[in-house]
Amino acid sequence: MINRPNMTASLLDIESLSVERIAGLLRMAQEIRAEPERFQDSRQGRLVVNLFYEPSTRTRVSFEIAARRIGMHVVNVAAGGSSVVKGESLLDTYNTIQAMSPDVIVVRHPDSGVLNRLAVATEPGIHLVNAGDGSRAHPTQALLDALTLKQHFEDLSEITVLVAGDLHHSRVTRSGVALMKKLGVGEIRLASPPGFQAGARVTEGTTRFDCLDDALRDVNAVMMLRIQHERLAGADAPDAEVYHREWGLTSERLALADPDCIVMHPGPMNRGVEIASEVADGPSSVIRQQVRNGVYTRMAVLLELTGP
Ligand code: CP
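Source: prediction; values computed, not measured. (Residues numbered from 1 in each chain as written. Predicted model: local features only at pLDDT ≥ 70, side-chain atom pairs only at ≥ 80, totals over all residues. Heavy atoms only, no water.)

Draft legend 1. Structural detail: the sheet that holds strand β9 (residues 262–264). Strands sit in the order β7-β6-β5-β8-β9 across an open sheet of five strands; the sheet is parallel. Of all strands in the sheet, those with a lone pairing partner are β7 (207–209) and β9, marking the two edges. This sheet shows a mean twist of 20° between the axes of neighbouring strands, independent of strand direction. Summarising the sheet, strand β8 (residues 221–225) and β9 pair through three bridges and their orientation is parallel. Pairing of V222 across the sheet is with V263, part of β9. Most of the contacts of helix α5 (residues 139–152) go to β9, to which it runs at about 170°, and overall it touches β5 (160–165), β8 and β9. (Pairing = 2+ DSSP bridges. Helix = DSSP H or I, 4+ residues; strand = E, 2+ residues; numbered from the N terminus. Axes fitted to C-alpha atoms, helices over the stretch in contact; angles between N-to-C directions. Contact = heavy atoms within 4.5 Å.)

See the structure below:
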């Protein structure tokens, strides 16, 4: 018999997290990175269900690895291989999983805002984690990106971070910018082609550019984003070669940034489109570090939700 903590806390988005809770999660992720053995098997016998209605490599696998490293059991449910294909609604599917008493349900879904509806239906003692809902939120991505920034820069108030590409359809942009604002990043720059601009809530307090070269000047970190083809809703995607010429991060363009600029990308990358291989695999790239930080960050999230 597993004793459940009397907590109903969930992780839905960055906006609803206090600065203290964010600092605690980032601190815990750093501690896990420094001394992983301290946390090993500390949640033995607990259960995580990964319920994914969209494809994923990094997020799903890192939640699974994170859970296993702290001793949790993991069940993966992909919508395509479940009774969703027989017409079962999201809520019925979610409640069916809840009836099997998991400790944590991690959900990815293409519809923005769906996680808030599931949160209302979440039973006491079960914790809901947003692994990406539509173009709205991807809070654990934002946390792992913030951890990566903090590992490279002591004082975030002194740095300039550029986020560039398809900002309009990007949940990474929304959560990432919200978190950088909360952490007091010195200057947040946003650069995007026409049609891919972020909305007013995101752009508030940032500096906007419609030219990548201008935006890159002297930045300390740049995060490149792919075009979210799955969210274009029938609109034509730009030609990949043309896009790369104007919006692709090449070594030549990166030379406009600060000499110690780090290059980030949440993945999956479209090489030769928003980022050249020479940059993705080059000395400034911290893309694999972001992936490693994804495991530490998700371990911290699972530990925090199911603690003490
Ligand atoms: N960054 C990210 O969410 O990647 P996946 O879609 O592979 O999980």
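Draft legend 2. The arrangement of the pairing of strand β6 (residues 187–191) in detail. Counting buried residues in β6 gives four out of five residues, a clear majority hidden from the surface. Note: β5 against β6, five bridges, orientation parallel. Along β6, the bridge assignment pairs T160 with E187. In this fold, β5 hands off to helix α6 (residues 171–183), which returns the chain to β6; that crossover is right-handed. As paired strands, β6 and β7 are joined by three bridges and run parallel to one another. Bridged to L190 within β7 is R208. (Buried < 20%, exposed > 50% of the residue type's maximum accessible area, 1.4 Å probe, protein only. Right-handed = clockwise from strand over helix to strand, strands pointing away.)

Draft legend 3. Expanded view of the site of the ligand. Lining the immediate surroundings of the ligand are S56, T57, R58, T59, R108, H138, Q141, P266 and G267. At 2.6 Å, a side-chain N or O of S56 approaches an oxygen atom of the ligand. In the environment of the ligand, an oxygen atom lies 2.8 Å from a nitrogen or oxygen atom belonging to the backbone of T57. Out of a free accessible area of 250 Å², the ligand has 92% covered by protein chains. Assessed atom by atom at 2 Å from the grid points, the ligand resides in the largest pocket. Classifying every residue of the shell around the ligand by side-chain character gives one nonpolar, six polar and two charged. (Near = heavy atom within 4 Å. Polar contact = N/O pair within 3.5 Å; in protein donor to acceptor, adjacent residues only side chain to side chain. Areas by Shrake-Rupley, 256 points an atom, 1.4 Å probe, with all protein chains shown as cover. 1 Å grid on protein atoms, 1.4 Å probe; cavity = no way out; pocket = protein on both sides within 12 Å on 5 of 7 lines; lining within 4 Å. Sits in = over half its atoms within 2 Å of the grid points. Nonpolar A, V, L, I, M, F, W, Y, C, P; charged D, E, K, R; others polar.)

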